[in-house]
Every structure is written in C-alpha cells, then in structure tokens.
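# Working through the structure, step by step
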Amino acid sequence: MAQVSINSDYSEWGPSTDAGERARLLQSPCVDMAPKSEGEASPGAPDRGTTSTLGAIFIVVNACLGAGLLNFPAAFSTAGGVAAGIALQMGMLVFIISGLVILAYCSQASNERTYQEVVWAVCGKLTGVLCEVAIAVYTFGTCIAFLIIIGDQQDKIIAVMAKDPEGASGSPWYTDRKFTISLTAFLFILPLSIPREIGFQKYASFLSVVGTWYVTAIIIIKYIWPDKEMRPGDILTRPVSWMAVFNAMPTICFGFQCHVSSVPVFNSMQRPEIKTWGGVVTAAMVIALAVYMGTGICGFLTFGAAVDPDVLRSYPSEDVAVAVARAFIILSVLTSYPILHFCGRAVVEGLWLRYKGVPVEEDVGLERRRRVLQTLVWFLLTLLLALFIPDIGKVISVIGGLAACFIFIFPGLCLIQAKLSEMEEVKPASWWALVSYGVLLVTLGAFIFGQTTANAIFVDLLA
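Residues numbered from 1 in each chain as written. Predicted model: local features only at pLDDT ≥ 70, side-chain atom pairs only at ≥ 80, totals over all residues. Heavy atoms only, no water.

### Here's the deal with the overall build of the protein chain
A tally of regular secondary structure across the protein chain gives 16 helices and zero strands. Within the protein chain, contacts between residues separated by at least 24 positions form 85% of all contacts whose residues are at least 6 apart in sequence. Roughly 20,400 Å² of accessible area belongs to the protein chain as shown, and the carbon and sulfur atoms make up 67% of that amount. (Helix = DSSP H or I, 4+ residues; strand = E, 2+ residues; numbered from the N terminus. Contact = heavy atoms within 4.5 Å. Areas by Shrake-Rupley, 256 points an atom, 1.4 Å probe, with all protein chains shown as cover.)

Structure representation (structure tokens):
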C-alpha cells in the first residue's frame, strides 16, 4: 500500500513513515487493497479498490457482528422490555448510519484511508492522539471481554464433560475457571499474538460470521421450541426509569461499532462514492439490526429478567445444540483476540515512534524486542483483569462507552471541523444545520461515555 500523507500536525511528532503500516494493520481483516499497477491511474488520481458493493456490505456486516450479541438479551432486559429495546435500537441506528457516512465524506475530503488518520487530518493533532489512545483502550477492553467469554463457555462445557455442577465444592483444580482461562490463553492466544504478521485473518472472519449466525439461530429456535426445564423470569413490559433505557446504550454501541474499520472498507471499494456508501452501510446496518433484534428479543423472552449478561450461560449445560454454539464462540474469540491485539499494538507502536521521532526504517533492530515486550504486557494485563472481572456485562458497559466515541464523538467533531473549514462556500442554512447535527452527535456520545464512566466508577464503589 502506498504511503499516505498526514496533516501538518503530524510533523510535530516526528516522521510519519509508519502511517502506511498502521493503515494496513487497522484494516478490516477481509479488506483487500489491490496494489495499483503502473499506468493504471494518473499521479493525482485516487487509488481504486477491488471490493464490490455487495462485498462491502458483507465486510461491514462482518465487522459489526460479533461476540457482543451475547449481551443483547440482557440489554433488552435493562432497557425495560421488547418495545423499549426495539425503539432504542431503531433510534440509535439513524445516528450510527449517519456517522459512517460522515466518516466516508471526511475520508474523501482529506484523502486519508484509516479512521485515526481521518481524525488527524480533519481535527488536528490533539484530537488525533485522543482518537488513537481511544482505539488502543477499546481494543484492550475488547480483549478482556473475549477472555471472559472464553471462561463463560468453558465453564458450561467442562460441567458437562465432568458431569459435575458448575462451581461445585470439591471439583478438581483443573476445572477451576481461572486455570482453564489461563491455560487456553497461554496455549493458543499468546503464540498467535506475538508474530509481526497475521495470516489467518480471513479464516477468523469466516469463523466469526458462522458462529454469530449459528448462535442467533439457536436462540430463536430455543424460544420457539423451549426446553421443559427452562422457566423465564419476570417479563418486563416498560422501563423502570429513563436511566434504565440509557444504561442499555453501551451494549448497543458495542454491538454496532464498525466505524473504525469502515474507512478502509470505503476506500477499498471499486466505486468509493458517498451515495453508494450510504446504501452499503444502510443495508449492512439493517442486516445487523435483524440479527441483534432476533437475538435480543428471543433471548429476553426466553429467560426474562433472569437472563445472564452472557445469554449462552442461561441455557442448560447438557444442551448439545447450545454446546456447539459455545464451541463456535470459543473458536471465534480465540482467533479474534490476536487481531484486536494486533490493531491495538499497531496504534501503540505508532504513538511511540512519533513520540520518539524515530523513523520505522531506523528502528528495525529494536522492533522485535519491543513487539515481544508489548505483547507480553498486553496479554498478561488482559488475562489478569479477565480472571478477576468475571461479569462480561461490566466490561461491555465500559468499552461500549468508548464505542460511543467512535460512533458519535469523533464523527461529530469531524463534521463540525469540516463544515467550519467550508464556511464561506456553504449556504448559511445548510452550514448551520450540519454543524448543529455534529454538535448533537458529540453531545450524545459524550453523554453515553460520561454515564458509562460514572457507572463504572461510582456504582461499584457504592456497592
């Protein structure tokens, strides 16, 4: 991939020769950017991608759907029932789609190819650094969630294999949750995370898609034909309070967050046009909405208020079909963790090199040592936090707040800044309307992020 230029603020942090590498690392795993052959385009013309419109829809759906769907039934319970959950998702979908379109517009205007580089170019150095830090923290938190998911599914699978109730006293030490998560992480995740290159990205994406659709199908089938031993708890029909509805927002943000990978997808299209992209993201979000809504409604109605934050934990351990779903989720997470770590490590590496002012070419000798150290620190910290934070709902709530930054705050800031720079060329009414919409996006994102942060800090302290 050709090196991409960064705005003048980049130079204040040192050379930007790592930009192309970071752009490649932060692409969606399925995005293939074909190299431009000689004479294919004029020097000033934009690169043409190879992704068709249908392919772009699939990639965006793939980037959107994931292990976050396990928390949607609990989100419906938190929101106050089916009606509130559906209304909340439909309302937020308008802002989610508009954020994706804004990012494509700003990418085209700034000629940048990744999310963080668009923010750098449009909003400047400070906002760009905050964006990269947010990406690093978000990928770190998601890795923690992945390890918790592995533990949740293993608990049920081991209970069946050992023919022993989960957590029963006197269980063998090798069935302890902390041991099984650690063993799996050291045997599979750590070796896959250390290499500089990852060659299994497309296989990981395939597993993720298959696992997601299978889990959704099982949850719907189990609602239609429930097992006799499953008894739902209270089925809420209205929100307990307005704050309860807002508490479900982080889960929805986490589930629909595909904005970071959306910019490379847009630039990989054969026809990267805003109108075409609007159709792509609308179709993709409608598909994702159908999956999340089916999972959330059927999972919530099956268990009611008693649904677990990880819905698969609510089903009996002996259910074979659900056990297969657990196996799919484990395989998907095992291969997704290294990819998320890969992206987070690339951002940290870029921040470090710009801070030191050292070009990539002059830093090859220390790259291996630093990469291994970064990987070990990242891996051990996420593992320790996953072992002592067994509730995936808490982790998704926190990283869902960060997802709101990528969906609302940064696109809103980009829109405001882009329109401010075009103030003399745009009609006053249109200019004010777009700037006002940008302010609305930033305000909504700040509210979700602030509420999530406050809950994470104060609720646990009060408890």
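### A short note on helix 12 (residues 274–303)
Between its terminal C-alpha atoms helix 12 stretches 42 Å, which fits the 44 Å expected from 30 residues at 1.5 Å a residue. After helix 12 finishes, the residue G304 shows a positive phi value of roughly 65°. (Expected span 1.5 Å × (residues − 1).)

### Overview of a nonpolar patch on the surface
Side chains of W173, Y174, F179, L183, L187 and F188 sit close together on the surface and give an oily, nonpolar patch of about 660 Å² of accessible area. Tracing the backbone shows Y174 in the loop between helix 6 (125–162) and helix 7 (177–193). Take Y174: its relative accessible area is 46%, and that puts it in the partly exposed class. (Patch = residues over 30% accessible without salt bridge, like charges linked within 9 Å, V, L, I, M, F, W, Y side chains within 5 Å. Salt bridge = Lys/Arg side-chain N within 4 Å of Asp/Glu carboxyl O. Buried < 20%, exposed > 50% of the residue type's maximum accessible area, 1.4 Å probe, protein only.)

### A word on the nonpolar core
Soluble globular proteins tend to pack their nonpolar side chains together in the buried interior. By size, the foremost hydrophobic cluster in this structure holds 120 residues, and its most contacted members are M92, Y115, F256, W277, M285 and F408. A total of 16 residues in this core trace back to one element, the largest contributor, which is helix 15 (residues 392–421). Excluding residues that lie within four positions of it along the chain, F256 makes contacts with C64, F72, Q89, L93, I96, M285, A288, L289, Y292 and I407. (Core = buried A, V, L, I, M, F, W, Y, C linked by side-chain atoms within 4.5 Å.)

### Looking at the side chain of D319
Note that D319 resides in the loop between helix 12 and helix 13 (320–356). Judged by its relative accessible area of 10%, D319 falls in the buried class. Reaching out from D319, the side chain makes a polar contact with the side chain of K222 at a distance of 2.5 Å. Among all residues touching D319, those that are not within four sequence positions of it are K222 and D227. (Polar contact = N/O pair within 3.5 Å; in protein donor to acceptor, adjacent residues only side chain to side chain.)

### Some remarks on the packing of aromatic side chains
Tallied over the entire structure, the rule returns 16 aromatic pairs. Look at Y115 and F406: their rings are 5.8 Å apart centre to centre, the planes differ by 90°, and that puts the pair in the edge-to-face class. Taken together, the residues Y115 in helix 5 (residues 115–123) and F406 in helix 15 connect sequence positions 291 residues apart. F406 shares its class with Y115; the two are buried. Look at F406 and you get buried, because its relative accessible area is 0%. Through a chain of ring-to-ring contacts, the aromatic side chains of Y115, Y138, F254, F406 and F410 assemble into a single cluster. (Phe/Tyr/Trp six-rings, centres within 6.5 Å; stacked < 30°, edge-to-face > 60°.)

### Thoughts on the pattern of salt bridges
When the charged atoms of two side chains lie near each other, side chains of opposite charge can form a pair. Overall, the coordinates contain nine salt bridges when judged by the stated rule. The salt bridge involving D319 is made with K222; its shortest N-O contact spans 2.5 Å. Here D319, found in the loop between helix 12 and helix 13, pairs with K222, found in helix 8 (residues 201–224); they are 97 residues apart in sequence, far enough to count as distant. A network of salt bridges, in which partner residues are shared, links D152, D155, R177, D308 and R313.

### Describing the environment of F449
With respect to the secondary-structure elements, F449 resides in helix 16 (residues 428–462). Sequence separation of F449 and C405 is 44 residues, and the distance between their C-alpha atoms is 7.1 Å. With near-sequence residues (within four places) excluded, F449 lies in contact with G401, L402 and C405.

### As for the packing of helix 5 against helix 15
The interhelical angle for the contact between helix 5 and helix 15, taken along N-to-C directions, is 35°, at an axis separation of 9 Å. Helix 5 and helix 15 meet at a crossing whose hand is left-handed. Here helix 5 contributes Y115, V118, V119, V122 and C123 to the contact with helix 15, which in turn contributes C405, F406, F410, P411, L413, C414, Q417 and A418. In the contact of helix 5 with helix 15, the residues fall into 12 nonpolar, one polar and no charged. (Axes fitted to C-alpha atoms, helices over the stretch in contact; angles between N-to-C directions. Left-handed = near helix turned anticlockwise from the far one by under 90°. Nonpolar A, V, L, I, M, F, W, Y, C, P; charged D, E, K, R; others polar.)

### A closer look at unusual backbone geometry
You will see that N111, though not glycine, has its phi angle at about 60°, which is positive. Overall, N111 belongs to the exposed group, its relative accessible area being 54%.

### Section: the state of the cysteines
Counted according to the given criterion, the structure contains zero disulfides. C414 supplies the cysteine sulfur nearest to C123, a cysteine that is in no disulfide, at a spacing of 3.8 Å. The cysteine C405 is free of any disulfide, with C253 supplying the nearest cysteine sulfur at 9.3 Å. (Disulfide = S-S within 2.5 Å.)

### What about helix 4 (residues 82–110)?
Taking 1.5 Å as the rise per residue, helix 4 with 29 residues should run 42 Å; its terminal C-alpha atoms sit 42 Å apart, in good agreement. Bending of helix 4 peaks at approximately 25° at the position of L93. Backbone geometry just after helix 4 places N111 at a positive phi near 60°. (Bend = angle between axes of the 7 residues up to and from the residue.)

### Describing the confidence of the model for the protein chain
Note: predicted coordinates in regions of low pLDDT should not be interpreted at a detailed level. Across the protein chain, the average pLDDT comes to 81, with 80% of residues at or above 70. Below a pLDDT of 50 lies the segment residues 1–46, which in the model reaches 100 contacts outside its immediate sequence neighbourhood of four places, other chains included. (pLDDT = per-residue confidence, 0-100.)

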